[in-house]
Amino acid sequence: MLEQFFLFSLLVQLIHSVEELTTGFHRKWYLFKMPFKVFLSFELLFSAFWIFVFFSSLPYRENFQAFFLVLMFANGIQHLVWYGWEKKYVPGLITAFAHIAVFIVFYFKFIF
């Protein structure tokens, strides 16, 4: 079950990255601005690492997958908070809802 939710969350994250890359996240993020190439490099490395986790047989692979689900939930929440501050669309907002939904469904399936 964890692996299925991890894969689904990873797919959402890949779409989320495209949303952020195409809507100027690198110019609008509230912590700091960065050149597009820096943000693109981060997104590629970040995505590559999690794709590696999916296909690997790392000893703590399940821990990494669970951490990723929590991390993406937090990412979705921070996009909603950012939207609340800005009172307008922020890059990544559309797919942030999917991150939150995946985690909530996983959480309740895991608990019950």
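This section reports on the structure supplied with the text.

The rules behind these values
Residues numbered from 1 in each chain as written. Predicted model: local features only at pLDDT ≥ 70, side-chain atom pairs only at ≥ 80, totals over all residues. Heavy atoms only, no water. Helix = DSSP H or I, 4+ residues; strand = E, 2+ residues; numbered from the N terminus. Rg over C-alpha atoms; globule rule 2.2 N^0.38 Å. Buried < 20%, exposed > 50% of the residue type's maximum accessible area, 1.4 Å probe, protein only. Areas by Shrake-Rupley, 256 points an atom, 1.4 Å probe, with all protein chains shown as cover. Polar contact = N/O pair within 3.5 Å; in protein donor to acceptor, adjacent residues only side chain to side chain. Expected span 1.5 Å × (residues − 1). Arc of directions from axis to C-beta. Core = buried A, V, L, I, M, F, W, Y, C linked by side-chain atoms within 4.5 Å. Contact = heavy atoms within 4.5 Å. Phe/Tyr/Trp six-rings, centres within 6.5 Å; stacked < 30°, edge-to-face > 60°. Lys NZ or Arg CZ within 6 Å of the ring centre and 35° of its normal. Salt bridge = Lys/Arg side-chain N within 4 Å of Asp/Glu carboxyl O.

### Things to note about the overall build of the protein
Now for step 1: What the protein contains, in helices and strands, is 5 helices and 0 strands.
Now for step 2: When the helices and strands of the protein are listed from N to C terminus, the series reads α-α-α-α-α.
Now for step 3: Here the protein has a C-alpha radius of gyration of 14 Å; the compact-globule value for 112 residues is 13 Å, and the two agree.
Now for step 4: A principal-axis box enclosing the C-alpha atoms of the protein has dimensions of 35 × 30 × 20 Å.
Now for step 5: Residues counted as buried form 40% of the 112 residues belonging to the protein.
Now for step 6: Total accessible area on the protein is roughly 7000 Å²; 75% of this is exposed by carbon and sulfur atoms.

### Quick word on the environment of threonine 22
Now for step 1: Relative to the helices and strands, threonine 22 resides in helix 1 (residues 2-22).
Now for step 2: A relative accessible area of 61% places threonine 22 in the exposed class.
Now for step 3: Through-space distance from the C-alpha of threonine 22 to that of isoleucine 111 is 37 Å; in sequence the pair is 89 residues apart.
Now for step 4: At 2.8 Å, the side chain of threonine 22 and the backbone oxygen of valine 18 are in polar contact.

### Observations concerning helix 5 (residues 93-111)
Now for step 1: Here helix 5 spans 27 Å end to end across 19 residues, near enough to the 27 Å set by a 1.5 Å rise per residue.
Now for step 2: Listing the buried residues of helix 5 in full gives Leu93, Thr95, Ala96, His99, Ile100, Val102, Phe103 and Phe106. Along the long axis of helix 5, the arc covered by the buried residues comes to 160°, so they all point the same way. Across helix 5 from its buried face, at more than 90 degrees, point the exposed residues Ile94 and Lys109.

### A short note on the nonpolar core
Now for step 1: The biggest cluster of nonpolar side chains holds 8 residues, and these are Phe6, Leu10, Phe46, Trp50, Val53, Phe54, Phe68 and Met72.
Now for step 2: Looking at this core, the elements with two or more residues in it are helix 1, helix 3 (36-55) and helix 4 (61-86).
Now for step 3: It is helix 3 that provides the largest number of residues to this core, a total of 4 residues.
Now for step 4: Dropping the residues within four chain positions of it, valine 53 is found in contact with Phe6, Leu58, Arg61, Phe64 and Gln65.

### Describing the packing of aromatic side chains
Now for step 1: Tallied over the entire structure, the rule returns 23 aromatic pairs.
Now for step 2: Ring plane angle 80° and centroid distance 4.9 Å describe the contact between phenylalanine 54 and phenylalanine 55, whose orientation is recorded as edge-to-face.
Now for step 3: Using a relative accessible area of 16% as the deciding quantity, one classes phenylalanine 54 as buried.
Now for step 4: Looking at phenylalanine 55, the relative accessible area reads 67%, which means it is exposed.
Now for step 5: Here arginine 61 stacks its cationic end above the ring of phenylalanine 54, 6.0 Å away from the centre of that ring.

### Focus: the pattern of salt bridges
Now for step 1: One pass over the structure, following the stated rule, counts 1 salt bridge.
Now for step 2: The salt bridge involving arginine 61 is made with glutamate 3; its shortest N-O contact spans 2.9 Å. Placement of arginine 61 in helix 4 and of glutamate 3 in helix 1 is noted, with a sequence separation of 58 residues between them.
Now for step 3: For arginine 61, a relative accessible area of 15% gives the class buried.

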